[in-house]
Amino acid sequence: MPTAKRATKKTAAKTSTAKKATATAATSTAASANAPAIEPATPPATPPQSTPDTLGAGGELHQGVQDGDRMTTAQGIPVSDNENSLRAGDRGPTLLEDFAMREKIFAFDHERIPERVVHARGYGAHGTFECTKDLSDITAAHVLGAKGRRTEAFVRFSTVAGSKGSFDLARDVRGFAVKLYTAEGNWDIVGNNIPVFFIQDAIKFPDLVHAVKEEPDRAFPQAQSAHDNFWDFVAHMPESTHMTLWQMSDRAIPRSFRFMDGFGVHTFRFVNEAGESTFVKFHWRPLLGKQSVVWNEAVKINGADPDFHRRDLWNAINSGDLPQWDLAVQLIDEKTADALPFDILDPTKIIPEEDVPLQVVGRLTLDRVVDNDFAETEQVAFCTANVVPGVDFTNDPLLQGRNFSYLDTQLSRLGTPNFTKLPVNAPRCPVAHFQRDGQMQTDIPSGPTNYEPNGHTGADRGPRAQDASFLTFPQEVQGEKRRIRAESFADHYSQARVFWESQTPVEQEHIVDAYVFELSKCVDPTIRRDVVANLRNVHEDLATQVADGLGLELPPASKPFVPVRTDLPPSPALSMLASPPDTFEGRRLGLLVTDGTDAAVVKAVQKAFEAAKATVTIIAPKVGGVTLSDGKKLPADELLKGAPSVLFDAVAVVPSADGAVELAKDPAAKDFVNDAFNHYKFIGVGADALPLFEEAGVPVEGDPASPQLTAKSAKDFVKAVAALRYWDRDLTS
Ligand code: HDD
């Protein structure tokens, strides 16, 4: 822990010293860039000499890289010139002796570490978890042991398939990994925004990931599942059917990390102080509700702002609009588990909320962006095996495999078992163990005793008292050693059917469209046929509509291992649109203005949306802004050409009469209103805006979600946009 503490202190001091270092470098640059001599006019002061009693300048150990007030090499040697390498003569060869240049390029050459084999593209933030319900009767976990107890947290969101530089709005599962730095060690809940998984056994994970990532011979498609390998795998793995339905739903194209669920996926175990166990499923539920984009929007967002999700999180946290999730648990005793129609160890199944209700036990608030993306977000290392006393595993075969995989992968990514010393990974409680050495050991454990038991380090250095330690739940285990899949895992379609039946017609249409799009990208037509053959076991309506969309003759259904259950009731909780957020809080309005726009309207809209805790982005034909009707200048946040309507949750178009005529000639303005309309968004139509809508062919007149926007109606407009989309808009008219 000393490492973490030191690092935190330095972070505070960092900003000012970093600025100073930059200023120093800039001065020397100005002095030396055009000058023939390599020596700066004023040589830097000689550093104090180390004596046997001191370490470096102040006798302190320095580990920060921006601590000093002048530029040095990593060895601490003051650098005289950061512009010119050391040469023999002013036009002569560069000398190998130039240790400063060689060290700088050496460090640069090694700046990158291997990206995560999955979830490479991610974005992290710090936060706090607060226990809102004392759960000590169910679990000994300290973090949940007292209402109001607060615990430091770090969260990393991610896409799965794309590389680190891919775009944010891929149709993909989102990772939702939470690290809780509890008083009893780090607890990681390494989850996704979808509550089930593609496969039941970890041994299939490499196959799944190989199939979904770019095809190995051609290295494309990148960050997309719409290709032969993925759907070929799916067609041959009926257990993936349930998850692919979720993946084809709008859950896989979230509007923002802030508006999506998180799930622990597996069934875990809580164990209380008396040693009693309860099965548990973890759910993170966004306080601002769930929201997704539509596919056509996702495609365009990826072009307009590939960093849409990370920018959203960064802006929200920095503007004090702190994202929050409730942690809810489903608690299941052995008897309830036995009565469920599915095996709770099977990660391709959910437990419907209607059967086992959710209980909220805590709240997560993200309140701080990272100081450094590499040091924190890239180097953070999660592991499903990081559990604390009171939390334990089940025999879910996917979870068991994961427990091995995460620790293992950190070695190839971070290069050393000492990754636990990195500030973002270090526990915030004292640690005491006898693990020593290894690459990049930053601690200097003193004394000769590196073993236990011993007679020197005292009782507190040995294993802690049993009751305060992690005790594995003593579940009885017996059976023959065999490679076998339990019969209770054999039903691959019934819950997929429940999911389909629980969606609203709009959501079902989106699922069908997604299957049609993805399968249309498969070059081998047998893959389309085989996938649709599986879908016939889910629901005939789904299979028929997908086949129709593909222009495919309906193939015979594939043979399920066990009969599909058609008697299971729908679960309304599975639909996002059945219980929409009904708030515009945390969302963004794009307000398109021109010279001469009515100042009163702008003011009223800004006021109304601010009161609704939403953001208004001013968009204008020129980023310098516009002059409003009252003669005042209004700076723009965005240039119209750089801010298509896909970047906003709702738009308002309030040009002056002359401005509307100009906008009507501008393709960017026409796209702006066309897309907003086609993406079912609410559109506030200014009194003089109609020429633009007419020229763009957007029939806003009579459209209930495109009301006239005046200074007086701004408050009504902000209420209306809380519906987020007007799905009943008839796009054929
Ligand atoms: Fe995994 C990363 C979530 C199955 C092996 N996984 C990773 C991350 C998340 C998940 C959120 C990113 C963590 C971060 O932000 O650093 N993974 C899941 C979920 C799964 C799942 C919810 C199923 C329920 N994963 C899974 C299996 C295996 C892995 C079955 C291997 C047997 N996952 C990994 C990994 C990664 C990883 C290769 C890549 C980078 C890392 O771990 O640290 O070990």
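Just so we're clear, the structure is a prediction, and the values are computed from it rather than from any experiment.

Attention now moves to the UniProt feature "binding site: heme" (unreviewed entry) in the protein. Following the UniProt record, the feature "binding site: heme" (unreviewed entry) maps to Arg116, Arg156, Phe205, Arg402, Tyr406 and Arg413 here. Residue placement: Arg402 occurs in helix H10 (residues 397-414). Position of Arg413 relative to the elements: it lies in helix H10. Apart from residues lying up to four places away in sequence, Arg413 is in contact with Ile113, Pro114 and Arg116.

The next subject is the nonpolar core. Judged by nonpolar contacts, the single largest core of 165 residues is most densely connected at Leu591, Leu592, Val653, Val673 and Ile683. The greatest single-element share of this core, amounting to six residues, is contributed by helix H15 (residues 599-611). Three or more residues apiece are contributed to this core by two domains, here domain 2 (122-421) and domain 3 (588-723). The residues touching Val673, leaving out its near neighbours within four places in the chain, are Val653, Ile683, Leu692, Phe693, Ala696 and Val698.

Attention shifts here to the UniProt feature "active site" (unreviewed entry) in the protein. As recorded in UniProt, the sites labelled "active site" (unreviewed entry) are His119 and Asn192. In three dimensions, the annotated residues from a span of 74 residues occupy one location, with a maximal C-alpha spread of 10.4 Å. One can find His119 in the loop between helix H2 (99-109) and strand E1 (122-131). Taking the C-beta count within 10 Å as the criterion, His119 has 23 such neighbours and is therefore assigned buried. Contacts of His119, omitting those with residues within four sequence positions, involve Ser158, Val160 and Gly175. Structurally, Asn192 is set in strand E4 (residues 185-192).

What surrounds the ligand is a group of 26 residues, the closest being Arg116, His119, Arg156, Gly175 and Ser405. Of all elements in the fold, only strand E2 (150-159), strand E3 (174-182), E4 and H10 reach the threshold of two or more residues within the shell around the ligand. With six residues, H10 is the largest single contributor of residues to the shell around the ligand.

Let us now look at the sheet that holds strand E16 (residues 650-653). Strands sit in the order E15-E12-E11-E16-E17-E18 across an open sheet of six strands; the sheet is parallel. Either end of the sheet is taken by a strand with one partner, and the two such strands are strand E15 (638-639) and strand E18 (708-709). Both strand E12 (residues 615-620) and E15 contribute to a ladder of two bridges, which runs parallel. Bridging from a neighbouring strand, Ile619 pairs with Glu638 of E15. Of the strands in this sheet, strand E11 (588-592), E16 and strand E17 (683-686) are in contact with helix H17 (residues 667-678), which crosses E17 at around 140°.

Bringing the packing of helix H12 (residues 505-520) against helix H14 (residues 540-550) into the picture now. One way to put it is that H12 packs onto H14 with a least axis distance of 9 Å and a crossing angle of 45°. Accordingly, the angle class assigned to the pair H12 and H14 is oblique. The chirality of how H12 crosses H14 is right-handed. Contacts between H12 and H14 involve Val512, Tyr515, Val516, Leu519 and Ser520 on the former and, on the latter, Leu542, Gln545, Val546, Gly549 and Leu550. When grouped by side-chain class, the residues that make up the contact of H12 with H14 number seven nonpolar, three polar and no charged.

What follows covers helix H5 (residues 241-248). Structural remark: α-helix, 3.6 residues per turn; residues separated by three or four positions point the same way. Among the eight residues of H5, eight are classified as buried, and the element is accordingly described as predominantly covered. On the buried face of H5, the contacting elements are helix H4 (228-236), helix H11 (494-502), H12 and helix H13 (525-538).

Our focus in this paragraph is the environment of Gly165. Considering the arrangement of structural elements, one finds Gly165 in the loop between E2 and E3. Sequence separation between Gly165 and Thr594 is 429 residues; the distance between their C-alpha atoms is 36 Å.

Take the pairing of E12 next. Pairing between E11 and E12: five bridges, direction parallel. Across the sheet, the residue bridging to Leu592 is Ile619, located in E12.

A separate point is helix H3 (residues 205-212). Among the residues of H3, those classed as buried are Leu208, Ala211 and Val212. Here the buried residues of H3 occupy an arc of 90° about the axis, which is enough to place them on one side.

Let us look at the packing of H4 against H13. Two numbers describe how H4 lies on H13: the axes approach to 9 Å, and their chain directions differ by 40°. Overall, the two elements H4 and H13 adopt an arrangement that is oblique. Considering the relative orientation of H4 and H13, their crossing is left-handed. For the pair H4 and H13, the contacting residues are Asp228, Trp231, Asp232, Val234 and Ala235 in the first and Ile527, Asp530, Val531 and Asn534 in the second. Classifying every residue of the contact of H4 with H13 by side-chain character gives five nonpolar, one polar and three charged.

Rules used in this analysis
- Residues numbered from 1 in each chain as written.
- Predicted model: local features only at pLDDT ≥ 70, side-chain atom pairs only at ≥ 80, totals over all residues.
- UniProt positions renumbered as here; feature names shortened; annotations may be inferred.
- Helix = DSSP H or I, 4+ residues; strand = E, 2+ residues; numbered from the N terminus.
- Contact = placed C-beta atoms within 7 Å.
- Core = buried A, V, L, I, M, F, W, Y, C linked by C-beta atoms within 7 Å.
- Buried ≥ 20, exposed ≤ 12 C-beta atoms within 10 Å, placed from the backbone.
- Domains from an automatic or database assignment.
- Near = placed C-beta within 6 Å.
- Pairing = 2+ DSSP bridges.
- Axes fitted to C-alpha atoms, helices over the stretch in contact; angles between N-to-C directions.
- Parallel < 35°, antiparallel > 145°, perpendicular 65-115°, else oblique.
- Left-handed = near helix turned anticlockwise from the far one by under 90°.
- Nonpolar A, V, L, I, M, F, W, Y, C, P; charged D, E, K, R; others polar.
- Arc of directions from axis to C-beta.

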